[in-house]
Each structure stands twice: as C-alpha cells, then as structure tokens.
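Chain by chain, the residues run as shown.
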Amino acid sequence: MKVLVCVKQTFDTEAKIELKDGKIADAGINLIINPYDEVAVEGGIQLKEKKVVDEVVVLSAGSDKAMDAIRTALAMGADRGILIKQDTGADEYARAIALAAAIKEENPDIILAGHVAADDGSSQVPTRIAEILGLPHINVITNVEIADGKATCTCEADGGTLVAEVALPAVISSQVSWNEPRYPSMKGIMQAKKKPVTTADAVAADNKVKIIEFAMPPAKQAGVKIDDEPDVCAAKLADWMLNTVKIEVK
Amino acid sequence: MAGTWVIVEQRDGNIRKVTYEMLSEAKKIGDEVSAVVFGKSVEGMASEFAKYGADKVYAVEGDVFAEYNTGAYVAQLAAMIAEYSPNAVLFAHTFNGRDFASRLAQKLEAGLATDAIAVELSAGRGVFTRAIYAGKAIAKVEVTTNPVLATIRAGVMEVAESAGAGAVVKPAIAATAGDVYQNIKSFVPTVSARPDLTEAETVVSGGRGCKGPDGIKIVETLADLLGAAVGGSRASIDSGWLGHELQVGQTGKVVCPNLYIAAGISGAIQHLAGMSSSKFIAAINTDPEAPIFNVSDFGVVADLFKVIPTLCTELKK
Ligand SMILES: Cc1cc2nc3c(=O)[nH]c(=O)nc-3n(C[C@H](O)[C@H](O)[C@H](O)COP(=O)(O)OP(=O)(O)OC[C@H]3O[C@@H](n4cnc5c(N)ncnc54)[C@H](O)[C@@H]3O)c2cc1C
Ligand SMILES: Cc1cc2nc3c(=O)[nH]c(=O)nc-3n(C[C@H](O)[C@H](O)[C@H](O)COP(=O)(O)OP(=O)(O)OC[C@H]3O[C@@H](n4cnc5c(N)ncnc54)[C@H](O)[C@@H]3O)c2cc1C
C-alpha cells in the first residue's frame, strides 16, 4: 500500500505580517511546513514503520520554494516527493484541481492532509480533493487504524469525539493532537538530498473566488493595566467585570 | 431566486447559537430567509427558527439524516439547490459545517468563503471578510459562483429576534443510504457541565503560570462562578492539565466570547490568534511586560493564585 501526504508550505507562525502594494509581503519570511501537515507526514511515516504501507510520497503545490517543505518531509522519513508548480493566486478550487490531478496519477491507497492551513485557513482543500476523485473522506482525525481495506478514524467533532470508518482509498485530514512530529535527524537530512523529487506543471483551472483586498486588522486600543497589591487588583477587576463588561455571576 | 439559506447546526435537537447568529445576519439582507434543518425528525424545531426571522423552514427528514454524514447531506442539499435556486447558502464554521460546505462547493464546482467574520450580500453577489494568517491580516473575498457559499465564524454576529412566518417546507428526499460513505461507529459527547468553548459568552483560560492541576482548579472555580467555558494555552494542554479540545490559538480553537480572561498566559502570537477578537479581554500575569497586556482591555500585574480567589469572593458579594 502507498500513502500520499499533501504538504503546504506556510509562513512561520511567528512571522510578522505586512502589506506591500496591497498584497501580503513575503520577503524575508521564514517558511515552514504547515504544522498540521507535519503531523500528517509523521502519521504516514508511522504507518510505514508499522508496515501498514510500504511507501510514503509527499506532494506540494506552489512555487520552487515549496521544494524546501518537500525536503523537510523527506528528511523526516518520507520516500519521495512531487512538486506541482502553480502560480500563487490560485484559489482553493484551483489548488484542489491541481493536487487531485497529481494524486490520480499516483493512485495511492491513503491520502493524508492537514485539516487546515495555518495561514489561509480555509479548511477546504482535502475535502475538495476527495470530491474531485470521487473518494470518501474524513476530517480532523486524532488517530487511525488501517485494516481490511478500511480506515477507522477517531475524530475531533463538534462537542465530542467521533469514531468513523471509511473504505480505502480515502482522503484523511489530521488534527495536531494525532501525534508528535519527529525532528529530522542529521542522517535523515543527508538522505533527503538523494531522495527523488519529480516536478510537473499544474493543471489549469479558473478561480471561483476573487480577492477584493487585503487589509491589516484594526489596532487594539491600549487598555488599563494595574500593578498593585493582589486585593486591590482583585477588587478593581471585579468592578470592571461587573460594571463595564456587565457580567452575570451564577 | 429563493433568498438566503441558513444551514442549521444541531445535534439531538440542541441547536447551536451560531444558527441564530446566521439567521439574524441573513435577515439584515432583506431577502427571504430560510432555515434548512436536517435530521430524523425536525419539523418540531421550526418555531425556534421563526423567532429569529426565518420565513421558511426546510425540514429535511429521514433516517439517513439522523447523524451528520457528508455523503447524504451533500447529495440532498445539492438536489435542493437545483430545485429552489437560493441566492446564498450560509453554514456555520464548525467541523461539520466546513466539511459539508467544502464537499458541496466542489460538487457544484463553486467557490466558497470559509470562516467569514463579516458578510455583504446583495443581488446574488457575496463579499466576505476573512481573518487570515491567524488574524494578523484581513482578506475581503468575493465568491463569483452561484449560489454564494460561505461558512460563518461563531460568536461574531449579533443575535436579534424578529418574527418570521416559519412556514414548513418538506423538500423531496433525494439522498439514499447508498450516498453514505462514512460509517459512524460511535459519537461520545464531551461530558462537561460547562458551555462549549466556541459558543460560550465567557471563557477563562489558564496557561503555564497555573503551574499544575491545582492552578487550573483555581481557573475552573472562577469559570464556574461565571458560567464560563475553560480553555488553555498550548503550554497547559501539552502539560496534560487540560484536554486537547480546549486549546485556544492558531493550532487550537478560535474563540470570540464577550469576555476572555487569560490567567498565567504570556500571550504568544499563536495564542493571540485564537482569542484576540474577543469583545473584552482581561489578563492576570505576574510579568508586567507580558505581551498579553498589549491586547487586554483590563490587565492586572499580579499572582493568579492570590488574585483569583479574592476575585471570586468580590464577585459573589
Ligand atoms: C483569489 C485567491 C487568490 C489567492 N492568492 C494567493 C496568493 O497569491 N498566495 C498565496 O499564498 N495564497 C493565495 N490564496 C490562498 C490560496 O487559495 C490557498 O493557499 C490555497 O487555496 C489553499 O487553501 P488553504 O491554504 O486555506 O488550505 P486548507 O484547505 O486550509 O488546507 C488544508 C490542507 O490541504 C493541503 N493543502 C492545501 N494547499 C496545499 C498545497 N498548495 N500543496 C499541498 N497541499 C496543500 C494541506 O494538507 C493542508 O493542510 C489565494 C486565494 C484566493 C481565493
Ligand atoms: C506552530 C506552533 C503552533 C502553536 N499553536 C499554539 C496555540 O494554538 N495555542 C497556544 O496557546 N500556543 C500555541 N503555540 C505555543 C506558543 O508559542 C507558546 O509557547 C504558548 O502559547 C505559551 O503558553 P503560556 O502562555 O501558557 O506559557 P508561557 O509563555 O510560559 O507563559 C506563562 C506566563 O505565566 C506567567 N505567570 C507565571 N506565574 C504566574 C502566576 N503565579 N500568576 C500569574 N501569571 C504567572 C508568566 O509571567 C508568563 O507570562 C504554538 C507554537 C507553535 C510553534
């Protein structure tokens, strides 16, 4: 069996965001693998270690820079990579079309992804890929067992925990609490340089969403800060909660 | 064209507040507003939606809809959209809502704006405001396909009561058991007497400054006094003091309560991403330089172990 993991390269979560010419400036920003996708890569590698699958392929769509995200996944232990070159400016629909086309050629048994990207945060791409490929999907998993051509997933759901089963092949997206991603070892980093990565151009698709503008969020007004004895702090905070916020006490 | 549709979020008849937020927002547009509710037997809920302005209630009933499953729900909603041609369909940005909306959007080869914090709808045109880069920037996007599809962040829009006719419509059932591809084995609700983190009016969160389960207890006592939800920073989640589902932040939940109280939380950028759009923010931290104070309306530089018990006494007065 083969697992394919979709990895998106995102800004470091510490990155300071600025606008340049009305767009999000990317100069000098440290780029990382989307934290959720790191978890998905780790999940894929663990499936290989458990001998559930025999190959872990990573797939990323983006500019040449996304090669770094692929190399990091390879250094963690994935076997090979695919980079789909796609212009920035593709929306979720166009991204999903491009990724699905590449996945179709690979014909994996399990497709892993993050449930959301930490930057654009649309939570759409994995589910769209499943629809394009006509496959079942399951989102936000915190565990998965593979047996008898089925994936049994534990998922974080609204107000509880869900266990659901889907037939393979299927698209499965990760929650961060699934596992603790490993750091690439020195040996892994060396090996990654020799692992094969193929590149191809994205299948063309029209956007369905148009960006009107980017803006910075309104700056928060500085509030009150009290540095005093605990009793005084508590009394003033209580007063603010009761009279400004108008909180109700049970 | 048949106005704006709001997809109801409910489980076993418990309706999520975001449903009323969406109905109230949809009402502002001026077009006909319909609530679309899926379940085994849901007609009895119709009057609930009429109170918030629903002119129509599409009661989508059947065994196949007893629990949310993407396959049957998407097949059914796609058939209804083809029959009734709504201008816009709004979903909640819950786990179910985003799953439902994404698969439907792709089936219709349509655009979708997720996690919207503001909506401008007119004559079939839909422009949405989204917080991107964990709230560090804002994007305004237009969905250029029809119907306009979006998921809405909970807690952002005001709930306003307004009388609607609430006329019940029973649409033709297009989905069958054959459309189901996720076999749901079990659903275990989180047992908690506290409100849901993403729906709560007040959230009290504890961080590493709580130093352990005893500190978290103090935070929980305050939360219970306020009828609030409890949340945590990644530090307190990773330490095992609180469950993963209670993490607030970029890789946790985004919350938008009326009041957010951060106790022993430094205010790392990834934490701020999950709470900085709360209406009021209070912080309790021993370090006067802690970045959490930059986003706080009311900050106290003090030891949470001393301040919170006294605060509880003061509030009870
Ligand atoms: C009109 C428009 C213009 C845009 N222009 C730009 C732009 O100029 N630059 C820019 O950076 N973004 C741009 N975006 C955002 C871009 O659409 C999204 O980055 C992309 O569509 C994926 O959505 P997401 O990141 O929210 O993914 P989500 O759906 O939140 O991602 C979930 C998972 O899908 C997988 N995934 C997502 N994207 C990829 C990928 N590229 N490769 C591999 N796996 C992936 C990952 O596993 C990820 O964890 C634009 C969006 C629109 C609507
Ligand atoms: C990719 C990525 C994703 C992340 N996602 C998240 C996320 O979703 N959510 C999240 O929260 N973090 C996230 N983080 C982690 C984040 O960077 C911080 O490490 C984390 O938020 C710190 O938690 P904290 O504020 O509780 O702890 P600390 O930063 O250690 O702060 C503890 C605070 O408690 C104060 N304190 C100590 N004793 C007391 C006392 N007695 N009374 C009052 N105050 C006291 C200290 O002054 C200090 O300010 C993420 C990090 C990365 C790299």
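Since the model is a prediction, treat every value here as computed from it, not as a measurement.

## Structural notes on the packing of helix 4 (residues 125-133) of chain A against helix 4 (residues 95-107) of chain B
Here is step 1 of the chain: Interhelical geometry of helix 4 of chain A versus helix 4 of chain B gives an angle of 40° and a closest axis separation of 8 Å. Between helix 4 of chain A and helix 4 of chain B, the angle is such that the two are oblique. Where helix 4 of chain A crosses over helix 4 of chain B, the two elements pack in a sense that is right-handed. Of the residues in helix 4 of chain B, those in contact with T127, R128, A130, E131 and I132 of chain A of helix 4 of chain A are D99, S102, R103, A105, Q106 and K107 of chain B.
Here is step 2 of the chain: For the contact of helix 4 of chain A with helix 4 of chain B, the residue count by class is three nonpolar, three polar and five charged.

## As for the site of ligand 2
Residues and elements named next belong to chain B.
Here is step 1 of the chain: Of all residues adjacent to ligand 2, which total 29 residues, the nearest are R208, S233, T251, S266 and Q270.
Here is step 2 of the chain: Between K211 and ligand 2, the recorded distance is 3.0 Å, taken from a side-chain N or O atom to a nitrogen atom.
Here is step 3 of the chain: One of the side-chain N or O atoms of Q247 is found 2.8 Å from an oxygen atom in ligand 2.
Here is step 4 of the chain: Here ligand 2, which alone exposes 990 Å², has 80% of that area covered by the protein.
Here is step 5 of the chain: Contributions of two or more residues to the shell around ligand 2 are made by helix 6 (234-238), helix 7 (269-275), strand 16 (280-285) and helix 8 (304-316).
Here is step 6 of the chain: Partitioned by chemical class, the residues of the shell around ligand 2 number nine nonpolar, 15 polar and five charged.

## Regarding the interface of chain A and chain B
Here is step 1 of the chain: Taken together, the 80 residues of chain A in the interface contact 87 residues of chain B.
Here is step 2 of the chain: Here chain A meets chain B over a buried area of about 7100 Å², counting both sides, of which 58% is carbon and sulfur.
Here is step 3 of the chain: In terms of surface lost to chain B, no three residues of chain A exceed D158, K220 and W240 of chain A, which account for 10% of the buried area on that side.
Here is step 4 of the chain: Run the count over chain A and chain B and you get four salt bridges.
Here is step 5 of the chain: With a closest N to O distance of 2.6 Å, R103 of chain B and E131 of chain A form a salt bridge.
Here is step 6 of the chain: Where chain A packs against chain B, one counts 43 residue pairs in polar contact (both at pLDDT 80 or more).

## Notes on the site of ligand 1
Residue and element names in this part refer to chain A.
Here is step 1 of the chain: Residues in close proximity to ligand 1 total 30 residues, the closest being K8, D37, A90, D120 and S122.
Here is step 2 of the chain: Taking D37, its side chain carries an N or O atom lying 2.4 Å from an oxygen atom of ligand 1.
Here is step 3 of the chain: Within the backbone of A61, an N or O atom sits 2.8 Å from a nitrogen atom of ligand 1.
Here is step 4 of the chain: Across the complex, the protein chains shield 90% of the 940 Å² of accessible surface that ligand 1 would expose by itself.
Here is step 5 of the chain: Listing elements by their share of the shell around ligand 1, those giving two or more residues are strand 6 (55-62), helix 3 (92-106), strand 8 (110-114), helix 4 and strand 14 (209-215).
Here is step 6 of the chain: Residue composition of the shell around ligand 1, grouped by class: 13 nonpolar, ten polar and seven charged.

## Description of helix 4 of chain A
Here is step 1 of the chain: Within helix 4 of chain A the residues assigned to the buried category are P126, T127, R128, I129 and A130 of chain A.
Here is step 2 of the chain: The inward-facing, buried residues of helix 4 of chain A contact strand 1 (2-6), helix 3, strand 8, strand 9 (137-147) and strand 12 (170-174) of chain A together with helix 4 of chain B.
Here is step 3 of the chain: Backbone geometry just downstream of helix 4 of chain A places G134 of chain A in the positive-phi region, at approximately 65°.

## Observations regarding the domain arrangement of chain B
How big an interface is tends to be stated in terms of the accessible area lost upon association of its parts.
Residues and elements named next belong to chain B.
Here is step 1 of the chain: Assigned domains within chain B: domain 1 (4-179) and domain 2 (202-316).
Here is step 2 of the chain: Computed over C-alpha atoms, the centres of domain 1 and domain 2 are 32 Å apart.
Here is step 3 of the chain: Counting the surface lost from both domain 1 and domain 2, the interface buries some 580 Å², and carbon and sulfur atoms represent 59% of this.
Here is step 4 of the chain: Where domain 1 packs against domain 2, one counts zero salt bridges.
Here is step 5 of the chain: At the surface where domain 1 touches domain 2, the tally comes to zero residue pairs in polar contact (both at pLDDT 80 or more).
Here is step 6 of the chain: For the side of domain 1 that touches domain 2, the residue count by class is four nonpolar, one polar and three charged.

Reading the values: the criteria
- Residues numbered from 1 in each chain as written.
- Chains lettered and ligands numbered in written order.
- Predicted model: local features only at pLDDT ≥ 70, side-chain atom pairs only at ≥ 80, totals over all residues.
- Heavy atoms only, no water.
- Axes fitted to C-alpha atoms, helices over the stretch in contact; angles between N-to-C directions.
- Helix = DSSP H or I, 4+ residues; strand = E, 2+ residues; numbered from the N terminus.
- Parallel < 35°, antiparallel > 145°, perpendicular 65-115°, else oblique.
- Left-handed = near helix turned anticlockwise from the far one by under 90°.
- Contact = heavy atoms within 4.5 Å.
- Nonpolar A, V, L, I, M, F, W, Y, C, P; charged D, E, K, R; others polar.
- Near = heavy atom within 4 Å.
- Polar contact = N/O pair within 3.5 Å; in protein donor to acceptor, adjacent residues only side chain to side chain.
- Areas by Shrake-Rupley, 256 points an atom, 1.4 Å probe, with all protein chains shown as cover.
- Buried area = accessible area lost by both parts, 1.4 Å probe.
- Salt bridge = Lys/Arg side-chain N within 4 Å of Asp/Glu carboxyl O.
- Buried < 20%, exposed > 50% of the residue type's maximum accessible area, 1.4 Å probe, protein only.
- Domains from an automatic or database assignment.

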